[in-house]
Amino acid sequence: MNHQPTPQTGKEKNPNLKKISGLTMESIGVLMTCPMHKYLEQQLETHFNLFRLWHCNSSITEFLKTHQGNTIRAVVGDTNIGADAELIASFPNLEIVASYSVGLDKIDLRKCEEKGIRVANTPDVLTDDVADLAIGLILGVLRRICASDEYVRIGKWKDADFGLATKFSGKSVGIVGLGRIGTAIAKRAEAFGCSISYFSRSQKPFANYKFYSNIIDLATSCQILIVACALTEETRHIIDREVIDALGPKGILINIGRGAHVDETELVSALLEGRLGGAGLDVYENEPEVPEELLGLGNVVLQPHVGSDTVETSDAMADLVISNLKAHFSNKPLLTPVI
Amino acid sequence: MAESTDCHKAQQDFPKVLILKPIPFINLVGEQYFASNKFTFLEAYDSSLPLHQFLSTHSPSIKAILSSVGAPPITADILHLLPEVGLVVTTSVGLNQVDLLECRRRGIKVANAGSIFSDDVADFAVGLLIDVLRKVSASDGYVRKGLWATKGDYPLGSKLGGKRIGIVGLGNIGFAVAKRLEAFRCSISYNSRKRKPHVSYPFYESVCELAANCDVLVICCELTDQTHHMINKEVLSALGKEGVIVNIGRGAIINEKEMVQCLVQGEIAGAGLDVFENEPDVPLELFAMDNVVLSPHVAVFTPESFLDLRDLVVGNLEAFFSNKPLLSKFRGLVIGLSNSSYCRLVFLTFF
């Protein structure tokens, strides 16, 4: 059966695509960049010809020593290893990058667009979980839930009463980036009687929240600042010393975006010096490294990048990756296209 | 000099408010914030006299009692020694430590914390639930021990969105919990003494039936004879292996032994507990579990609420001693007697 790739809407037919005849989907080479989810791995194995980059020490060079670069037609990446220029250049038959994430910062989008490579991600299915975790981090920091769990477990309750935390309900919340996740966080915080304001590239016409065109003004006005935007060149280190100082000694910072949104060195010194009241972090600049100075602090909550890490959502994300790949290789529209 | 002696003498003549055991709340806020020109505190625990003797000695001047969680219960016996008492003020919402029937009989007014803590307790309940489902405390510990870098990713948690929440006791706190969890796309149902007429959440006659139809039970009710050990093995089995329980009510609402057994045997998936049957003792088996989150009865502990409570406690005492209406009078109706001195009540209003 002739397999003729049809032109995608608004895109040129990729001149590098070869005509393939008589091939089934199970023979399509898919490279998984790291062991992100067992169920996803099983599904990729079932439906495609799966290659695992971590079996070659996660090195493209090593992979190419034992495999032909032109076997790979799809890459499944995540927040650890995506598809950078080196990877894209190594696989001349690459047609699609399906990211097991909503964030795209690990994908060289410009290169993909140049080469007509499709890109898909996993929006919406993980919005609730990430927003839930943001609230969980706020409560963990303000109400010191993690610290009090530790307190009870090490037997301190018998000696003394725990002491005061801080109320969450009614506090002012500032959101950096009012996309899907930012909006979901706002909806939850509203149920706690919080006032919501936000900073975004542009004002959202249908959002009933106060808009700040300047992030310093947002940080000055709120008690809880939450980073929920995409990581781009513009938003790298968007939370710097100036923003942290504006948030202040009674303020808390919540980061469920990307580690690189925050100048981590400045964050650490602000916490140590008491210039910032507390922080709830799910992401860091060099995961899985976490600044040692944070490990002993009682006013921070540290999570190992688990924003979407529930059984339900991981499976839903995996299903979406598989569906996008199947759609692409059946010449059907992608479910969640980026490019 | 004479002036201060006069002051001191005047203070000695102030009506006394009895406190049986140190109240952590007062220490946390600061004793100076409870100073008043209408009353003074009389600390029974400072005396070397046996309690009954102390009370008999001071009874003519003891006009009110300030009670708190963990203090000796205000029983009929104690009240018999205090014929001048006209008011019992508690720093808690719960009144299980006060013999309400005896107060009613004697015409002693009772004032509790009303709905001051509702937000804080509801916030904490949601925080405990997210923590249990998403393993926040457990993975926070994992990171602090350096295990993320050496052992890799932490095991997956469970999604909160879409879970069916069963509220046990839909009072101020239960309602506040429900309102919050709805924003997380949870569905709400409840069990209460009676169906609430203006509430659209599905009502279940029995707590067992509620448990069978939900994924999470949140205990928000009072501790009474009827609710004592109401959550037992039967209810927890109905909740099931994927079920989670959160308790911000009173420890004794749950049969703790049976709950621990269920957790050990995997009959339920996890628990978030702020209260225990014998505080500050916590069953040792729980310490080894990472699907359990423990807190030392702090759901009400925020400075904001404590200042509100201080205003309410001092406000109620001063109102009483000025013959003015109380700020938060408990207007319970006795509708029936049980075998003990505590009885079933219908709560009308708090304010």
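Residues numbered from 1 in each chain as written. Chains lettered and ligands numbered in written order. Predicted model: local features only at pLDDT ≥ 70, side-chain atom pairs only at ≥ 80, totals over all residues. Heavy atoms only, no water.

Engineer: How should I be thinking about the UniProt feature "domain: D-isomer specific 2-hydroxyacid dehydrogenase catalytic" (unreviewed entry) in chain B in this particular structure?
Structural biologist: The feature "domain: D-isomer specific 2-hydroxyacid dehydrogenase catalytic" (unreviewed entry), as given by UniProt, occupies residues 62-327 of chain B in the numbering adopted here. In this annotation, residues 62-327 of chain B is assigned 36% helix and 14% strand; the end-to-end C-alpha distance for the span is 21 Å. (UniProt positions renumbered as here; feature names shortened; annotations may be inferred. Helix = DSSP H or I, 4+ residues; strand = E, 2+ residues; numbered from the N terminus.)

Engineer: What am I meant to see in helix 6 (residues 145-153) of chain A here?
Structural biologist: When you tally the buried positions in helix 6 of chain A, you get seven out of nine residues, the bulk of the element. Here helix 6 of chain A has its buried residues at Ile 145, Cys 146, Ser 148, Asp 149, Tyr 151, Val 152 and Arg 153 of chain A. Those residues of helix 6 of chain A hidden inside the fold are in contact with helix 5 (127-142) and strand 14 (300-302) of chain A together with helix 6 (118-134), helix 7 (136-144) and strand 11 (292-294) of chain B. Following helix 6 of chain A by one or two positions, Gly 155 of chain A has its phi on the positive side, about 80 degrees. (Buried < 20%, exposed > 50% of the residue type's maximum accessible area, 1.4 Å probe, protein only. Contact = heavy atoms within 4.5 Å.)

Engineer: When you look at the UniProt feature "domain: D-isomer specific 2-hydroxyacid dehydrogenase NAD-binding" (unreviewed entry) in chain B in this model, what are you seeing that I'm missing?
Structural biologist: Per the UniProt entry, the sites bearing "domain: D-isomer specific 2-hydroxyacid dehydrogenase NAD-binding" (unreviewed entry) are residues 126-299 of chain B in this numbering. Segment residues 126-299 of chain B splits into 32% helix and 14% strand. End C-alpha atoms: 11 Å apart.

Engineer: Would you mind showing me how to read helix 9 (residues 172-182) of chain B here?
Structural biologist: The α-helix advances 3.6 residues per turn, and as a result positions three or four apart in sequence lie on the same side. All of the buried residues in helix 9 of chain B are Ile 173, Gly 174, Ala 176, Val 177, Ala 178, Arg 180 and Leu 181 of chain B. Contacts made by the buried residues of helix 9 of chain B are with helix 6, strand 6 (164-168), strand 7 (187-191) and strand 8 (216-219) of chain B.

Engineer: Would you take a moment to explain unusual backbone geometry for this structure?
Structural biologist: It is generally the case that most residues other than glycine have a negative phi and that most peptide bonds are trans. Cis geometry marks the peptide bond from Glu 287 of chain A to Pro 288 of chain A, where omega comes out at 0 degrees. Look at the link from Glu 279 of chain B to Pro 280 of chain B: it is a cis peptide, with omega at 0 degrees. Within the secondary structure layout, Pro 280 of chain B lies in the loop between strand 10 (270-273) and strand 11. The backbone of Asp 124 of chain A shows a phi angle near 70 degrees, a positive value even though the residue is not glycine. Take Asp 124 of chain A: it is sitting in the loop between strand 7 (118-120) and helix 5. Look at Asn 331 of chain A: it is not a glycine, yet its phi comes out positive at around 60 degrees. Among the structural elements, Asn 331 of chain A can be located in the segment after helix 11 (311-329).

Engineer: Looking at this model, I keep getting lost on the interface of chain B and chain A. Mind explaining?
Structural biologist: Where interface size is given, it is often the accessible area lost as the parts come together that is meant. On the chain A side, the residues contacting the 58 residues of chain B number 56 residues. It is Arg 134, Arg 144 and Trp 148 of chain B that lose the most area in chain B upon contact with chain A, and together they represent 16% of the buried surface on that side. Applying the counting rule to chain B against chain A returns six salt bridges. The partner of Asp 128 of chain A in a salt bridge is Arg 185 of chain B, and the shortest N-O contact between them spans 2.8 Å. Scanning the region where chain B abuts chain A turns up 27 residue pairs in polar contact (both at pLDDT 80 or more). Secondary structure elements with two or more residues in the side of chain B that touches chain A: helix 2 (24-29), helix 6, helix 7, helix 8 (147-151), helix 9, strand 11 and helix 13 (303-321) of chain B. Looking at which element gives the most residues to the side of chain B that touches chain A, the answer is helix 6 of chain B, with ten residues. Residues belonging to the side of chain B that touches chain A are distributed by class as follows: 32 nonpolar, ten polar and 16 charged. (Buried area = accessible area lost by both parts, 1.4 Å probe. Salt bridge = Lys/Arg side-chain N within 4 Å of Asp/Glu carboxyl O. Polar contact = N/O pair within 3.5 Å; in protein donor to acceptor, adjacent residues only side chain to side chain. Nonpolar A, V, L, I, M, F, W, Y, C, P; charged D, E, K, R; others polar.)

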